[in-house]
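Structure at a glance
Single-letter residue listing:
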Amino acid sequence: MTDTNLLSVANLSVGYSTSQGVVNAVSDVSFDVRRNEVFGIAGESGCGKSTLIRALLRLLSNNGVSTATSITYEGEDVNSFSDDKFRDAILWKRISLVPQSAMNSLNPVYRVGDQVIEAIRAHRSVSRSEARERVEFLFDVVGLQPELMRSYPHEFSGGMRQRAMIAMSLALDPGLIIMDEPTTGLDVLVQEQILRRVREIRAEVSSSIILITHDIAVIAEMSDRISIMYGGKIVESATAIDLFESPFHPYTLGLKNAFPSISVMDNELISIPGTPPALIGEESGCLFEPRCPFSDATCAQILPQSHSVGEMHQVSCHRHTDVTELREKASKKSTWHC
Amino acid sequence: MALLELNNVSRHFELRPGVVERVLRGGKTRVIKAVEAINLSVAKDEILGIAGESGCGKSTTCSMVAGLLPPSSGEVLYRDRNVGEMTSSELNDHRRRVQMIFQDPYESLNPRFRVSDIVSEGPRALRLWGEREIEEQVAAMLAGVGLPAGKYWDRYPHELSGGERQRVGIASALVMKPELVVADEPLSMLDVSIRAGILDLLKELSRQRNFACIYVSHDLSILANIADRLLIMYLGQAVEVGSVHDVIKNPKHPYTRALISAVPVPDPRVKRSPPKIVGEISRPVDPPPGCRFASRCPHADQSCSEVFIKLDTNSPLAHQAACHRLEQINSEAT
Ligand SMILES: Nc1ncnc2c1ncn2[C@@H]1O[C@H](COP(=O)(O)OP(=O)(O)OP(=O)(O)O)[C@@H](O)[C@H]1O
Ligand SMILES: Nc1ncnc2c1ncn2[C@@H]1O[C@H](COP(=O)(O)OP(=O)(O)OP(=O)(O)O)[C@@H](O)[C@H]1O
Ligand SMILES: [Mg+2]
Ligand SMILES: [Mg+2]
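About the criteria used
- Residues numbered from 1 in each chain as written.
- Chains lettered and ligands numbered in written order.
- Predicted model: local features only at pLDDT ≥ 70, side-chain atom pairs only at ≥ 80, totals over all residues.
- Heavy atoms only, no water.
- Domains from an automatic or database assignment.
- Contact = heavy atoms within 4.5 Å.
- Buried area = accessible area lost by both parts, 1.4 Å probe.
- Salt bridge = Lys/Arg side-chain N within 4 Å of Asp/Glu carboxyl O.
- Polar contact = N/O pair within 3.5 Å; in protein donor to acceptor, adjacent residues only side chain to side chain.
- Helix = DSSP H or I, 4+ residues; strand = E, 2+ residues; numbered from the N terminus.
- Axes fitted to C-alpha atoms, helices over the stretch in contact; angles between N-to-C directions.
- Parallel < 35°, antiparallel > 145°, perpendicular 65-115°, else oblique.
- Left-handed = near helix turned anticlockwise from the far one by under 90°.
- Nonpolar A, V, L, I, M, F, W, Y, C, P; charged D, E, K, R; others polar.
- Core = buried A, V, L, I, M, F, W, Y, C linked by side-chain atoms within 4.5 Å.
- Buried < 20%, exposed > 50% of the residue type's maximum accessible area, 1.4 Å probe, protein only.
- Near = heavy atom within 4 Å.
- Areas by Shrake-Rupley, 256 points an atom, 1.4 Å probe, with all protein chains shown as cover.
- 1 Å grid on protein atoms, 1.4 Å probe; cavity = no way out; pocket = protein on both sides within 12 Å on 5 of 7 lines; lining within 4 Å.
- Sits in = over half its atoms within 2 Å of the grid points.
- Donors = N, O, S within 2.8 Å, 3.2 Å for Na, K, Ca; no water.
- Pairing = 2+ DSSP bridges.
- Points joined across faces, edges and corners; volume = space filled by probe spheres on them.

1. Points about the domain arrangement of chain A
All names here are of chain A. Segmenting chain A into domains produces domain 1 (5-229) and domain 2 (247-336). On a C-alpha basis, the centres of domain 1 and domain 2 stand 29 Å from each other. Contacts between the two partners involve 14 residues from domain 1, matched on the other side by 10 residues from domain 2. Of all residues in domain 1, the largest losses of buried area upon contact with domain 2 belong to Glu44, Ile216 and Ile228, amounting jointly to 45% of the total for that side. The interface formed by domain 1 and domain 2 includes 1 salt bridge. The partner of Arg291 in a salt bridge is Glu44, and the shortest N-O contact between them spans 2.9 Å. On the surface where domain 1 and domain 2 come into contact, there are 3 residue pairs in polar contact (both at pLDDT 80 or more). Elements with a minimum of two residues in the side of domain 1 that touches domain 2: β2 (21-34) and β10 (225-230).

Here it is as structure tokens:
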């Protein structure tokens, strides 16, 4: 197989049934993750990032249903796997997850170290002492002293539990590690150290990472390519540098305005006014249209297709050809708030 | 008068040795000094930011302020009343006036309650208003945090995203109209745009209702934006305090300096260089008496591991750092 793609997902959609109707949390999302890359996903709260990941890993809650035309991992069609087969053959061993609920994901009645040791021994035939050595190494990577293996989760701080889950995700050298908001509880120094060590380890075993975070600085630092989600869809994908330096989608332009920075302390952040789409029921047109300062008549009626605007750069916006004008106007506060 | 005052507050946890350790190593009980001799004060309309290393005692401090965890020593004074000496009815009252927003939104929301039940639980338990009014207040508060009742009223926590859960936690604290909000990483899962909206809501409410806030965050850019004063902690000790502007623009303590220089910038061409501090993330197990940052500090000398300067609260506006080598550090820098 000469393919450089580790994971390819085509047309993945997820609906949750609720008393108010079906929530279309993810619609028609396609993306690839290459070998040996960090693929970042960003987008506002509730736009479907965790749902996308949970659907991929067959971890959706009972009221969720997912469909996809194809999902291949390392050249294998995993979409046709049964849930049991997927969990046995793929989960943890070949794709691991640091869930967004990492602080609450350890079993409260077992010692933290034992939980990682057992996770290793469940998938690998290694002795307990070999597994223990591995866990000591992994704890060191995330800045936890080896003696902490003996602690129970309630004796850990929030960030310590999160770090333990990061250690767990590295345990079996999976080809793909999915991290959903892995640094919410980590101060910048610890975060820097852990991200650096994760990068080193990843380079050693040449695995890929899907990194989901709302922290734009972290995603900029870590990612090779980034996709921006809005209302359950990917609206723009590009290399990290292109996305930051030549964004196309109005939503990306708006996000860029709102990046806070401590170097300019009192600068006012320009937020994107309006509320996220309800995602319930049929919607026509572009989902960002109600909040978009650049929308025209087509936008409300026709769903924009993905256009290629550069090498590895796609955007779903009718007005992608007017990007120079859009970029210029987007940096002014009056464009968004009048 | 300060609304809240912590005088010399410490919280220790005992690490009892397991059977094996006792037999093999004659293991003694060791002590984790999670919070050590902290002094701080919060005025009635002030937002105090707290930042520091993961595991440095921020959540433990918050729990003590909210009256959920007794200090091992020292006193927590709320309106000059020692929280540790409150009667149970006073303590109930305290827990209404002081509302905590918990760090982990996956742990803190009752999974069997709907969003509307979670947010109305407090007002209902205390009969703050009539049923109709409670519903109105709850709906207004949910809308304020970006969770319109039409869509979220009947949802259960497992049907929410991480950031939506966090906002339910914020709504249930604010709906109580507290005097002091103790917010432990309340917006850590929210993107900048929604965050800006909620920060505005917090600022607006604190103006309207005059409430105070302790705001814990590792995100210094948020703290720069919202806090009046900033307290920096390291391994259980308060190492620096001052106006948020002074601390961020002119950090004094070597730990604060390292922390601020490590803030990532939103630019993919910039990679952070590893900070200039040595050693590893540590833990306050049977720590030496001096400054706990000493073993990682590039400026430390012998005296640092022997003496620690406590910050004092009597001059709340002053910019102070708990480091007795400040002069040498400054002269080295120039
Ligand atoms: N089990 C469920 N039932 C109904 N709706 C759900 C369920 N789980 C999630 N949702 C809804 O689906 C949408 C997407 O949720 P998801 O958790 O994927 O968001 P997210 O992008 O990860 O957000 P965050 O950044 O806040 O974690 C949200 O509007 C959420 O309310
Ligand atoms: N119940 C407990 N038993 C033993 N140790 C504890 C207990 N609770 C907290 N600790 C320890 O106290 C220290 C401080 O924990 P705390 O949760 O206050 O940290 P934090 O500053 O909130 O960290 P984070 O930013 O990671 O959430 C940690 O070393 C932790 O392991
Ligand atoms: Mg999520
Ligand atoms: Mg904490």
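2. Some remarks on the packing of helix α9 (residues 250-257) of chain A against helix α11 (residues 323-330) of chain A
Residues and elements named next belong to chain A. The interhelical angle for the contact between α9 and α11, taken along N-to-C directions, is 30°, at an axis separation of 10 Å. Judged on the interaxial angle alone, α11 and α9 are roughly parallel. Between α9 and α11 lies a crossing whose hand is right-handed. Taken together, the residues of α11 that come into contact with α9 (itself represented by Pro250, Leu253 and Asn257) are Leu326, Arg327 and Ala330. Each residue belonging to the contact of α9 with α11 can be placed in one class, and the counts come to 4 nonpolar, 1 polar and 1 charged.

3. Thoughts on the interface of chain B and chain A
Taken together, the contacts link 63 residues of chain B with 62 residues of chain A. A combined buried area of about 5,500 Å² lies between chain B and chain A, and 56% of that area is made up of carbon and sulfur atoms. Among the residues chain B hides against chain A, the three largest losses belong to His218(B), Arg272(B) and Ile281(B). Together they make up 13% of the total. Put simply, chain B and chain A have 4 salt bridges between them. Residue Arg269(B) pairs with Glu245(A) through a salt bridge whose shortest N-O separation is 2.7 Å. Taken together, chain B and chain A are joined by 17 residue pairs in polar contact (both at pLDDT 80 or more). For the side of chain B that touches chain A, the secondary-structure elements that each account for two or more residues are α6 (149-152), α7 (162-174), α8 (192-209), α9 (220-226), α10 (244-249) and α11 (254-261) of chain B. Per element, the largest residue contribution to the side of chain B that touches chain A is 5 residues, and it comes from α8(B).

4. Observations regarding the nonpolar core
The biggest cluster of nonpolar side chains holds 102 residues, and the ones touching the most others in it are Leu7(A), Phe31(A), Phe139(A), Leu176(A), Ile178(A) and Ile210(A). Examining the composition of this core, we find that 7 residues originate from one element, helix α5 (residues 158-170) of chain A, more than from any other. Each of domain 1 (5-229) and domain 2 (247-336) of chain A gives at least three residues to this core. Discounting chain neighbours no more than four positions away, the residues touching Leu176(A) are Leu6(A), Leu7(A), Val33(A), Tyr73(A), Arg94(A), Ile95(A), Ser96(A), Ser208(A), Ile209(A) and Ile210(A). By size, the runner-up hydrophobic cluster in this structure holds 61 residues, among which are Leu160(B), Leu174(B), Ala183(B) and Leu230(B).

5. Comments concerning the site of ligand 2
Residues in close proximity to ligand 2 total 19 residues, the closest being Glu155(A), Ser157(A), Gly55(B), Lys58(B) and Thr60(B). Those chains with residues close to ligand 2 are chains A and B. Between ligand 2 and Cys56(B), the relevant distance is 3.2 Å, taken from an oxygen atom to a main-chain nitrogen or oxygen of the residue. At a separation of 2.9 Å, an oxygen atom of ligand 2 approaches a polar side-chain atom of Gln103(B). Contact with the protein chains hides 92% of the accessible area of ligand 2, taken as 640 Å² for the molecule alone. A molecule is said to occupy a pocket when more than half its atoms come within 2 Å of that pocket's grid points, and by this definition ligand 2 occupies the largest pocket. Contributing elements (two or more residues each) for the shell around ligand 2: α5 of chain A together with β2 (30-42) and α2 (58-65) of chain B.

6. A look at helix α1 (residues 49-56) of chain A
Residue and element names in this part refer to chain A. Among the 8 residues of α1, 7 are classified as buried, and the element is accordingly described as predominantly covered. Those residues of α1 not exposed but buried are Lys49, Ser50, Thr51, Leu52, Ile53, Ala55 and Leu56. Just past α1, the residue Arg58 takes up positive phi, approximately 60°.

7. Section: the side chain of Ser172(B)
Take Ser172(B): it is sitting in helix α7. Sequence-distant contacts of Ser172(B), defined by excluding residues within four places in its chain, comprise Gln99(B), Ile118(B) and Val119(B).

8. A look at the coordination of the magnesium ion (ligand 4)
All names here are of chain B. Listed as protein donors to the magnesium ion (ligand 4) are Ser59 (OG) and Gln103 (OE1); their distances from the metal cover 2.0 to 2.2 Å. Of this pair, Ser59 sits in helix α2 while Gln103 sits in the loop between β6 (98-101) and α4 (115-125), and the two are 44 residues apart along the sequence. For Gln103, a relative accessible area of 14% gives the class buried.

9. Remarks on the sheet that holds strand β1 (residues 4-15) of chain B
Within a sheet, each strand pairs with its neighbour through backbone hydrogen bonds, oriented either parallel or antiparallel. All names here are of chain B. Pairing is antiparallel in the open sheet, where 4 strands are placed in the order β2-β1-β4-β5. Two strands close off the open sheet at either side, each with one partner strand: β2 and β5 (81-82). Pairing between β1 and strand β4 (residues 73-78): 5 bridges, direction antiparallel. Of the residues in β4, the one forming a bridge with Leu6 is Val76.

10. With respect to the layout of surface pockets
Gaps left between atoms show up when a probe the size of a water molecule is rolled over them. Taken as a whole, the largest pocket spans an internal volume of roughly 1,200 Å³. Every residue lining the largest pocket is counted, 48 residues in all, and those nearest its centre are His154(A), Phe156(A), Ser157(A), Gly158(A) and Arg161(A). Top contributing element to the lining of the largest pocket by residue count: α5(A), with 5 residues. A breakdown of the residues in the lining of the largest pocket according to their chemical character gives 20 nonpolar, 18 polar and 10 charged. Taken as a whole, the second largest pocket spans an internal volume of roughly 940 Å³. Forming the boundary of the second largest pocket are 47 residues, of which Ser50(A), Thr51(A), Arg54(A), Leu160(B) and Ser161(B) lie nearest the centre. At the level of secondary structure, the elements contributing two or more residues to the lining of the second largest pocket comprise β1 (5-18), β2 and α1 of chain A together with α6 and α7 of chain B. Looking at the lining of the second largest pocket, you find at least three residues from each of domain 1 (5-229) and domain 2 (247-336) of chain A.

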